[in-house]
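Read off the chains here:
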Amino acid sequence: MLGLATGSTPVPFYQELIRLHREEGMSFARVITFNLDEYRGLDRAHPESYWSFMHRQLFDHIDVPAESIHLPLGIVDDVPAHCAAYEQAILAAGGIDFQLLGIGRTGHIGFNEPGSPRDSRTREIHLDPITRQDAAPAFGGIEQVPTTAITMGCGTILAARRIALLAFGSNKAAIVKEAIEGPVTDRVSASFLQDHPDAAFYLDAEAASLL
Ligand code: GLP
C-alpha cells in the first residue's frame, strides 16, 4: 500500500516507476494507492486537481487498477464524513506501508500547514499564503488558487510504516534545516518525522546546503 504525493519533487520518482514498468516489467496490479491531499473546490477534471496531476504523471502510464487509486474529493458536500471515510478506507486497506512526501516552504507535509497537531487526521485545512503563492504560477494567478484543501493529517502520515521525504533545490534548504535540526513542533509539520521510527529525508546538495 503506497501513500503518494504531488508537487514537482516526486515527478522524477514517478518517471522511474514508469520506466521500471515499461522496461523491466514491474507490475502495479496489486498495489493500492492513497494520495495525501486534494484542493477544495476543484473538480477531478480540472487540470490542476491532484487527481489530474497523478493520472498525467503516473497512473495513466502504469497498470494500477482504477479501483485501487484513492484521492480525497475536491468537491463534496459532507466534508467531515468524507474525511472519516478516507481514514477508514486507509485502515481497511491495511494501512500505509510506504509514504512518499515532499515538503512545502511552510514545512507542511501533505497540506498540514503550521499549527497542525501531531495527531491530526484527514480534514479540511486553510492554505497558508506562502503555499498559495507557490501554487500561483500553475493556476495563472493567486486569485485562482483554492483557499482550502482536504489533507491527510500528521497523525495519518505518521502511522505509515516507512516514510521517505524528498526535497530538491536551494529554496527548500532553510525549511529542511528546520525540519531536521530544529525542535519538534507543530510550527513545522515535517519536524514530527524526527520521532518516526523509519523516516528518511532524501536531499540534493542544494536542499542539504544548510545542514
Ligand atoms: C504542495 C503539496 C505538497 C508538496 C508541496 C511542494 O503544497 N501539497 O505535498 O510537498 O506542494 O511542492 P514542490 O514539490 O513542487 O516543491
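Placed above this text is the structure.
Residues numbered from 1 in each chain as written. Predicted model: local features only at pLDDT ≥ 70, side-chain atom pairs only at ≥ 80, totals over all residues. Heavy atoms only, no water.

Draft legend 1. Structural context of the pairing of strand β6 (residues 123–126). Burial along β6 is one-sided: Arg-123 and Ile-125 are buried, while Glu-124 and His-126, pointing the other way, are not. By the bridge criterion, four bridges tie β6 to strand β7 (residues 148–151) in an arrangement that is antiparallel. Bridging across to β7, His-126 finds its partner in Thr-148. (Buried < 20%, exposed > 50% of the residue type's maximum accessible area, 1.4 Å probe, protein only. Helix = DSSP H or I, 4+ residues; strand = E, 2+ residues; numbered from the N terminus. Pairing = 2+ DSSP bridges.)

Draft legend 2. The arrangement of helix α1 (residues 11–24) in detail. Taking 1.5 Å per residue, 14 residues should reach 20 Å; α1 reaches 19 Å between its end C-alpha atoms and fits that length. By the burial criterion, the buried members of α1 are Val-11, Tyr-14, Leu-17, Ile-18 and Leu-20. Among the structural elements, β1 (2–4), α2 (50–57) and β5 (98–101) are those in contact with the buried residues of α1. Phi for Gly-25, located one or two positions after α1, is positive at around 70°. (Expected span 1.5 Å × (residues − 1). Contact = heavy atoms within 4.5 Å.)

Draft legend 3. Region of the structure containing the packing of aromatic side chains. Applying the stated criterion to the full structure yields six aromatic pairs. A centroid spacing of 5.4 Å and a plane angle of 50° characterise the contact between Tyr-39 and Phe-111, whose relative ring orientation is tilted. Pair noted here: Tyr-39 is in strand β3 (residues 37–39) and Phe-111 is in the loop between β5 and β6, with a separation of 72 residues, a long-range link. Classification of Phe-111 as buried rests on a relative accessible area of 3%. (Phe/Tyr/Trp six-rings, centres within 6.5 Å; stacked < 30°, edge-to-face > 60°.)

Draft legend 4. Region of interest: the sheet that holds β7. Sheet architecture is open: three strands sit in the order β3-β7-β6, paired in antiparallel fashion. Strands at the two margins of the open sheet, each flanked by one partner only, are β3 and β6. Here the average twist between neighbouring strands, direction ignored, is 30°. (Axes fitted to C-alpha atoms, helices over the stretch in contact; angles between N-to-C directions.)

Draft legend 5. Layout of the side chain of Ser-68. With respect to the element layout, Ser-68 can be found in the loop between α2 and β4 (69–70). Setting aside residues up to four positions removed in sequence, Ser-68 forms contacts with Val-31, Ile-32 and Thr-33.

Draft legend 6. View of the site of the ligand. Inspection of the region around the ligand gives Thr-6, Gly-7, Ser-8, Thr-9, Asp-37, Tyr-50, Gly-102, Ile-103, His-108, Gly-110, Phe-111 and Lys-172 as its neighbouring residues. At 2.8 Å from an oxygen atom of the ligand is found a side-chain nitrogen or oxygen belonging to Ser-8. A distance of 3.5 Å is found between a nitrogen atom of the ligand and a backbone nitrogen or oxygen belonging to Gly-110. In the complex, 83% of the free accessible area of the ligand, which totals 390 Å², lies under the protein chains. Taken together, the residues of the shell around the ligand break down into three nonpolar, seven polar and two charged. (Near = heavy atom within 4 Å. Polar contact = N/O pair within 3.5 Å; in protein donor to acceptor, adjacent residues only side chain to side chain. Areas by Shrake-Rupley, 256 points an atom, 1.4 Å probe, with all protein chains shown as cover. Nonpolar A, V, L, I, M, F, W, Y, C, P; charged D, E, K, R; others polar.)

Draft legend 7. A look at the pattern of salt bridges. Taken as a whole and judged by the stated rule, the model has nine salt bridges. Residues Glu-24 and Arg-19 are paired through a salt bridge, measuring 3.0 Å at the closest nitrogen-oxygen approach. The partner of Glu-181 in a salt bridge is Lys-177, with the nearest N and O atoms 2.7 Å apart. With Glu-181 and Lys-177 both in helix α6 (residues 173–181), this residue pair falls four residues apart, about one helical turn. (Salt bridge = Lys/Arg side-chain N within 4 Å of Asp/Glu carboxyl O.)

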